[in-house]
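Spelled out, the chains give:
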Amino acid sequence: MTAANRNPNALPVYIQIAELLIRDIAAGRLIDGERLPPEREMAAQLNVSVGTLRKSLAELEKKGMLERIQGSGNYVRESGTQNSVYAMFRLELPEGGGLPKADILAVDYLAKPSELPDFGTSGFGSRVRRMRYLNDTIIAVEEIWLDESAGRIEREMLSDSLYRYYQHQLGFWITRAEDRVSVRPLPQWTPPEFTKAAGELVGYIERFSWSEKAEPVEFSKTWFDPDRATYVQRLK
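Caption draft 1: Highlighting helix α4 (residues 162-170). Listing the buried residues of α4 in full gives Leu162, Tyr163, Tyr165 and Tyr166. What you see down the axis of α4 is that its buried residues fit within an arc of 155°, all on one side. Following α4 by one or two positions, glycine 171 adopts a phi angle in the positive range, close to 80°.

Caption draft 2: How the structure looks around the packing of aromatic side chains. Scanning all chains against the criterion turns up eight aromatic pairs. Ring geometry for tyrosine 204 versus tryptophan 223: centroids 5.5 Å apart, planes at 50°, classification tilted. Taken together, the positions of tyrosine 204 in strand β8 (residues 201-210) and tryptophan 223 in strand β9 (residues 218-224) put the pair 19 residues apart, joining distant regions of the chain. When sorted by exposure, tyrosine 204 lands in the same class as tryptophan 223, which is buried. Across the ring face of tyrosine 14, the terminal group of lysine 55 is positioned such that the distance to the ring centre comes to 4.2 Å.

Caption draft 3: Region of the structure containing the sheet that holds strand β6 (residues 137-147). Spatial strand order, β4-β5-β6-β9-β8-β7: six strands in an open sheet with antiparallel pairing. Every other strand in the sheet has two partners, leaving β4 (100-111) and β7 (176-185) as the edge strands with one partner each. Sheet twist, expressed as the average angle between the axes of neighbouring strands with direction ignored, equals 15°. Packed onto the sheet, α4 meets β5 (124-134), β6, β8 and β9 and runs at close to 35° relative to β6.

Rules used in this analysis
Residues numbered from 1 in each chain as written. Predicted model: local features only at pLDDT ≥ 70, side-chain atom pairs only at ≥ 80, totals over all residues. Heavy atoms only, no water. Buried < 20%, exposed > 50% of the residue type's maximum accessible area, 1.4 Å probe, protein only. Helix = DSSP H or I, 4+ residues; strand = E, 2+ residues; numbered from the N terminus. Arc of directions from axis to C-beta. Phe/Tyr/Trp six-rings, centres within 6.5 Å; stacked < 30°, edge-to-face > 60°. Lys NZ or Arg CZ within 6 Å of the ring centre and 35° of its normal. Pairing = 2+ DSSP bridges. Axes fitted to C-alpha atoms, helices over the stretch in contact; angles between N-to-C directions. Contact = heavy atoms within 4.5 Å.

Listed below in structure tokens is the structure:
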């Protein structure tokens, strides 16, 4: 496991580690009441300093997902709120969890093409194309459209978490989303380093996302390799 990331605007390392642990808890890889390894051992496993790890654990403690007992250790508390940066990212490694990362392929401001479904209130929007990873495993390519009414996406400020970008740069957050899962061929712009070639059938997710407005502000398409990732929706 490593906190390394390709994106120069990646989340701070301590947030990456916290998010990785949150996803492991959600996936059941870390269970309620489980004692985490000693901090020095855990920091070495994650290739971070003990100080960085402690900041990550403090984030989990604030979310009610970790209990730190003096002289005993750190214990998972799954009953806490899981308000994760990646709370709406539904793809996981086959064994569960995995830290989402992204290579940005293109960011453009365009008129919406006719084949897009209706969403938002403008005829223009920002289009982002990315290749997605879980840890260091390539799992998906995606195309995201943000309606012009919600703001414009600037590549140089974009981080691995698009929803965090919306909050910090555009001043809104996604409150709900609707996914439609099926099978589709990979698009022609699929990078050659992806696990399968353009045109091959893979898992496919269409998503409409809403802020506080009545109309969805975002529409996205994700093509994922079912040999490397699984779509997971947990109900609690």
